[in-house]
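Residue strings, one per chain:
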Amino acid sequence: MAVQLNKTLINARLKTIYDNWNNATQNDEFGIIADSDALLLLSGDPAGEDEPVRKGTAFQTWLLGYEFPSTFILFDKNKIFILCSASKAKFLQQIKDGNSPVPIEILVQAKAKEPPTDALPKFVDAYTSHKRIATLVKESYSGKLITEWEQALSKAAQQPEQVDLAQAVSAYMAVKDEEELKIIRTAASLTSTLLIHHVMVKLETILDKEAKITHDQFASQIEFRIGTGEGDDAKGPDMRVWSKGRGLQDVDWGSTEFCYTPIIQSRSTSTGYDLKSTAISSADPIAHKGVILIAVGMRYKSYCANLGRSVIVDPSKEQEDIYSLLLSLQSELMREMKDGVTAREVYQRALEYIKDKKPELEKHFVKNVGSVIGLEFRDSAYVLSSKNARHLRTNMVFNLSLGFSDLLDETGKKYALHLIDTVRVGPDKATFLTDGAKSTIDTLFYLNTAEDQVDDQAKSSKNPPAKLPTNGTPGKNKTAGGKVLRNKTRSAAQEEVLQSTAAKIKEHQAELHAALQREGLAKYSENGVKHGEKEGKGWKRFQSYKGEGALPKEAEALRIAVDRKAQTIILPMHGFAVPFHINTIKNVSKNDEGDFTYLRINFQTPGQLAGKKDDTPFEDPDSTFIRSVTYRSADSHRFDTISKQITDLKKEVNKREQQKKEMADVIEQDILVEIKGRRPHKLPEVFVRPALDGKRLPGEVEIHQSGLRYQSPMGSQKIDVLFSNIKHLFFQPCDKELLVIVHIHLKAPIMIGKRKAHDIQFFREASDVQFDETGNRKRKHRYGDEDEIEMEQQERRRRQMLNKEFKLFAERVAEAASTSTGDTLEVDIPFRELSFEGVPFRTNVRLQPTTECLVHLVDPPFLVVTLNEIEIASLERVQFTLKQFDMVLVFKDFTKTPLHINSIPSSQLDDVKNWLDSVDIPMSEGPVNLNWGPVMKTINDDPYEFFQQGGWSFLGGAGAESEMEEDSESESEFEAGSDESEPEESSDEGSAYDGSDASDESGSASYDDASDEGDDWDELERKAAKSDSKRAAEAKTRRGSDVSDEDERPKKKSATKSKANGKGKR
């Protein structure tokens, strides 16, 4: 059956209905049905999408789990009558077979072309047999069954008295069971996740960029997060948002919807602030200052959750105090809302709290502070107002809505504040089901003046922040002469002059490495999940045939056969034809011995160390495996054919798998929505890369509603790029370049022709070849360099026009993309002044940093590296004697292969280090290249263990290697040529011997000094004899191993030194 009813839950709720009905005299909430003989629940045709949920529909959904339109239910004291169509009766038959508290009789209506049954008359007789019936008297329905019901009642001799069932229905549904609470928690988590990870983030971007967007556009963008469209045009939920929520892994997105269109209001709303849930988001642009009200409600499996926040930009002291009052009032009411308290007591406590704290705000306070929420968004029977005497019970769920309206700001304009959450009533206090983005840190935005920025930066230069920002961008800092400056103020610049650049980088890198280590431990420590276990290879199942009947006819001959269609090799074994899928075969070999040819077939088995498949998983590695099978035949020609067929099939399958793997990330884009009502903006006469098939001719690019379209000159070929698939947008001017470029880097690759493309580029050549080089008539009247000067000026003007045209088009693309997707897209321009040369692929190219990326856009293959995706940069082969060094960029996604940029000139080392440090990328230096394959494999196997053992500290922080290099350079140039494998003790001993040898040199120096002073030969001989006797005495005290050690190596060093002094033997 398509619909499976929960019989246990339905029977439990039926028992609740009858228990409360039978004991209605003891409970005021059910007192109205105490004298009723029966309860009647009607339903007609389904209500429209824009209509609120009816109480009868909600009660039916609460009881049965689904809505059953055109279905009547009559609850008798001793029996339940259900009137419905034949199709619904099939599903409702499930509860008839269950353990119901009273018998259930299903009366089935006849189909349209069949003769009528006695179902409706029987139901009318059961209804009219009672004197007093409770039903939802205020609800009206429509439909064929309702019309027939009204006609039948009009003919009845007598009709029972009707009383209103609404309050009893509210009481039945008010207290939630565990199943309902589980669904409401999911709805609350969806609402909180949407607010925290999309609405607040997006709003902060709008305010920061001062983006022009209307309230209703922002509301529409919020609605798109759960997906849009139907059928082939359907777009799924935005998992970038929902993946950050708790407990949302198994959400049924088909059962997820909004309770109402999100409500966004600001001071520019033409109708003013409205705190009702029926308010709408106007078409006015969002104001970038003042109060912004947000309300979002989501429904999951028919159960609602609601959330509302107030964001204040540049708040006054009074606004801060009022918002703080709202927070403290909410905390007070959470303690007040407990089992047994009446609704009016909750509201009275709110008024008392306001009178005590700020009595002047009492007249601005809302008339009620919320109501029960569940299948109905608002249950009028349980409104928290001053007149409602109903009691709160444990496990009731309320939409707690606090607010002040008609407040006046400093300029005399009206504003409002609200704070809304979904809460659950407990035995002694209430608990939040929705939460987040509530504190003043999250909701109060301050506008810093220039003086404040100077003060803040002066403080931050002395006290670095505890939390480091993620990979920053040069565009967010001030630039001078194209160079990125870390500091913006005069005082910070003076401090920067006093502090050396190297020391600053070292200090900042120490902070970055410490933050990287903390983030790594926090990221991989959650529940002890190992990254490698998630990303590891899985066992790939394959099947040759479903049964013996699928075997080809060749199998009957019991000969070796190759079935290319099934990708299977059939081998005869002991009188049976045994199929082996090609994936089980490693290779095949053939050799001739005498008159026979031997064919050996080797299989994939565990424990094979050779090749790249040593880590290939098996379903059960402990099973018994066949390593190989060998066949012998006198027909060598047949074995040649079989060997070739198996080898070709193996190559074909491997090639197909490789192509499939390469195309795994290629997406099929939605259909481009063309712009209507006006002509699209165009960029004519541009070439595209990758180029289309055919002759190379320029085409034009058009900006449409949902993306870009490039059309070839004849219109025969086109390329569509959707805004939702654009990750980065670049504009590269033609200054010092031959091309002016608009470059698009995609989130996921698309197919252009038969090739996969991550990047699409539109360009035009800057040099104009269509001008007259002969000088024409002007040549007669001009001499010298005047014509060349004019040509240079024309070339300069032409380049300026090209830059202006392409930049304007790129800005229009960014604006259209931001409006279409709701995510801000900015034009990125490379900083040529920060560029450096390197070899990312095979050729030496110029790499240019941008605000968010490191790019090479001039020639394919293009390079686009997003800076905030980089984990660490390792500078390798950094040695004083080498003219070049390498840079390895390790990505935060450890499964991606690190990017190697080789052969960067050593003269640009400082520039590269300064740039990496300015964009907050941790870096390290080393004298040799590392083998990154095994390193990344070790990290992926257990990232948490990697960070526990120190993480990236094995590379050494920036500056550590340079210090070691400076120490080594301080030694003698010739000592560096000694054996590098000598331990430190030996070098110490060598230096001790050098000291004795130095005494010889100092002796010879004293000889020169003595001769200057006029010492005679006798005096000199006396000094020499004294020195010899002293050395002999020292030699006696150092006999044994010390003497032997001294005799081995110091001689070599002393000889070296003597050569250095020019006194060696020749």
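We now turn to the structure provided with this report. All residue numbers refer to position in the chain's written sequence, counted from 1. Owing to the predicted nature of the model, reporting of local features is limited to residues with pLDDT of at least 70; listing and counting of side-chain atom pairs is limited to 80 or more, with chain, interface and lining totals taken over all residues. Excluding hydrogens and water, the side-chain figures rest on all heavy atoms present in the structure.

1. Comments concerning the overall build of the chain
Numbered from the N terminus, helices here are DSSP runs of H or I no shorter than four residues, and strands are runs of E no shorter than two. From N to C terminus, the chain includes 27 helices and 40 strands. Burial status follows relative accessibility: with a 1.4 Å probe on protein chains alone, a residue under 20% of its type maximum counts as buried, one over 50% as exposed, and anything between as partly exposed. Across the 1066 residues of the chain, 43% fall into the buried class. Note on contacts: a residue pair qualifies if any of its non-hydrogen atoms lie within 4.5 Å across the two residues. Pairs at least 24 residues apart make up 65% of the contacts formed inside the chain by residues separated by at least 6 positions. The accessible surface values rely on the Shrake-Rupley method and a 1.4 Å probe; as for residues, cover is taken only from the protein chains in view. Carbon and sulfur atoms form 49% of the exposed surface of the chain, whose accessible area is close to 59700 Å².

2. A closer look at the pattern of salt bridges
Note on definitions: salt bridges are taken to be side-chain nitrogens of Lys or Arg within 4 Å of carboxyl oxygens of Asp or Glu. Under the criterion given, the structure shown has 42 salt bridges. Put simply, Arg-564 and Glu-652 hold a salt bridge, and the shortest N to O gap is 2.3 Å. On the criterion of sequence distance, the pair formed by Arg-564 in the loop between β19 (561–563) and β20 (568–573) and Glu-652 in helix α17 (residues 636–662) is long-range, its members being 88 residues apart. Take Arg-564: its relative accessible area is 43%, and that puts it in the partly exposed class. Classification of Glu-652 as partly exposed rests on a relative accessible area of 30%. Between Arg-798 and Glu-795 there is a salt bridge, and its shortest N-O distance comes to 2.4 Å. Of this pair, Arg-798 and Glu-795 both sit in helix α19 (residues 786–821), separated by three residues, roughly a single helical turn. Because the salt bridges share partners, they merge into one network encompassing Arg-225, Asp-238, Arg-240 and Asp-823.

3. Some points on the pairing of strand β36 (residues 863–866)
Covered by surrounding structure in β36 are Leu-863 and Val-865 together with Val-864 and Thr-866, the residues of both alternating faces. We treat two strands as partners when DSSP finds at least two bridges between them. Bridge count for strand β35 (residues 853–856) against β36 is four bridges, and the pairing is antiparallel. Counted as the bridge partner of Cys-853 is Thr-866 from β36. Linking β35 to β36, which pair antiparallel, is a turn of six residues.

4. Some words on unusual backbone geometry
Arg-689 connects to Pro-690 through a cis peptide bond whose omega is 0°. If you trace the backbone, Pro-690 turns up in the loop between β25 (681–689) and β26 (699–703). At the junction of Pro-860 and Pro-861, the peptide bond is cis and its omega measures out at 0° in the coordinates. Turning to its location among the elements, Pro-861 is positioned in the loop between β35 and β36. In this structure, Glu-210 is a non-glycine residue whose phi angle is positive, near 55°.

5. Concerning the pairing of strand β1 (residues 38–41)
Side chains Ala-38 and Leu-40 of β1 all project onto a buried face; the interleaved residues Leu-39 and Leu-41 project onto the opposite face, where all are buried too. Bridge count for β1 against strand β5 (residues 132–135) is two bridges, and the pairing is parallel. Bridge pairing links Leu-39 to Ala-134 in β5. By the bridge criterion, four bridges tie β1 to strand β2 (residues 72–76) in an arrangement that is antiparallel. Bridged to Ala-38 within β2 is Asp-76.

6. With respect to helix α8 (residues 215–223)
Listed in full, the buried residues belonging to α8 are His-215, Phe-218, Ala-219, Gln-221 and Ile-222. Down the axis of α8, the buried set is contained in an arc of 160°. They therefore lie on one face. As used here, the arc is the angular range of directions from the helix axis to the C-beta atoms.

7. Structural notes on the sheet that holds strand β23 (residues 596–603)
The strand order across the open sheet formed by three strands is β22-β23-β24, and the pairing between neighbours is antiparallel. Two strands in the sheet have a free side with no partner beyond their single neighbour: β22 (585–593) and β24 (628–633). The mean angle between the axes of side-by-side strands here comes to 15°, regardless of whether they run parallel or antiparallel. Bridge analysis of β23 against β24 gives six bridges, and the strand direction is antiparallel. Counted as the bridge partner of Tyr-598 is Arg-632 from β24. Here the axes come from fitting lines to C-alpha atoms, over the contacting stretch only for helices, and the angles between their N-to-C directions go from 0 to 180 degrees.

8. Quick notes on empty space enclosed by the protein
A cavity, in this analysis, means grid points on a 1 Å lattice covering only the protein atoms where a 1.4 Å probe fits yet has no way out; a pocket is instead an open set bounded by protein on both sides within 12 Å along at least five of seven lines, and a residue lines either one if it has an atom within 4 Å of a point. Grid points are joined across faces, edges and corners, and a volume is the space filled by probe spheres set on the points. Tallied over the full model, the rule gives three cavities of 30 Å³ or more. Its boundaries defined by the atoms lining it, the largest cavity holds a volume of some 70 Å³. In terms of lining residues, the largest cavity is bounded by Met-173, Ala-174, Lys-176, Glu-180, Tyr-303, Val-372, Ile-373, Gly-374, Leu-375, Glu-376 and Asp-379. Looking at the lining of the largest cavity residue by residue, the classes come out as six nonpolar, one polar and four charged. As a working rule, the residues Ala, Val, Leu, Ile, Met, Phe, Trp, Tyr, Cys and Pro are called nonpolar, Asp, Glu, Lys and Arg charged, and the rest polar, with Gly in that last group.

9. Observations concerning the packing of aromatic side chains
Aromatic rings from Phe, Tyr and Trp, taking only the six-membered ring of Trp, are treated as a pair when their centres fall within 6.5 Å; an angle between ring planes under 30 degrees marks them as stacked, one over 60 as edge-to-face, and anything in between as tilted. This structure, assessed with the given rule, holds 27 aromatic pairs. Taken together, the aromatic side chains of Tyr-524, Phe-894, Trp-932, Phe-946, Phe-947, Trp-952 and Phe-954 make up a single cluster linked through ring pairs. Lysine and arginine charges are scored as sitting over a ring when NZ or CZ, respectively, is within 6 Å of the ring centre and within 35 degrees of the ring normal. Geometry around Trp-21 places Lys-77 over its ring, the cationic atom sitting 4.2 Å from the centre. Arg-390 extends its terminal NZ or CZ atom over the ring of Tyr-382, reaching a point 5.0 Å from the ring centre.

10. Points about helix α11 (residues 343–357)
With 15 residues, α11 should cover 21 Å at 1.5 Å per step; its first-to-last C-alpha distance of 22 Å lies within 8% of that length. Those residues of α11 that sit buried are Ala-343, Val-346, Tyr-347, Ala-350, Leu-351, Tyr-353 and Ile-354. In an axial view of α11, the angular spread of the buried residues amounts to 160°, which keeps them on one side of the axis. Where α11 is buried, its residues contact α10 (317–336), β11 (368–372), β12 (379–385) and β13 (397–408). A helix is expected to span 1.5 Å for every residue after the first.

11. Focus on the environment of Phe-580
Relative to the elements of secondary structure, Phe-580 occurs in strand β21 (residues 576–581). Judged by its relative accessible area of 15%, Phe-580 is buried. Between the alpha carbons of Phe-580 and Ser-544 there is a distance of 7.3 Å; along the sequence they are 36 residues apart. Apart from the residues within four sequence positions on either side, Phe-580 is in contact with Ser-544, Gln-567, Thr-568, Ile-569, Leu-571, Met-573 and Phe-603.

12. What to know about the environment of Asn-399
Mapping Asn-399 onto the fold places it in strand β13. You can call Asn-399 buried: its relative accessible area is 8%. Residues Asn-399 and Val-423 lie 24 residues apart in sequence; the distance between their C-alpha atoms is 6.5 Å.

Keep in mind these numbers describe shape, not what the thing actually does.
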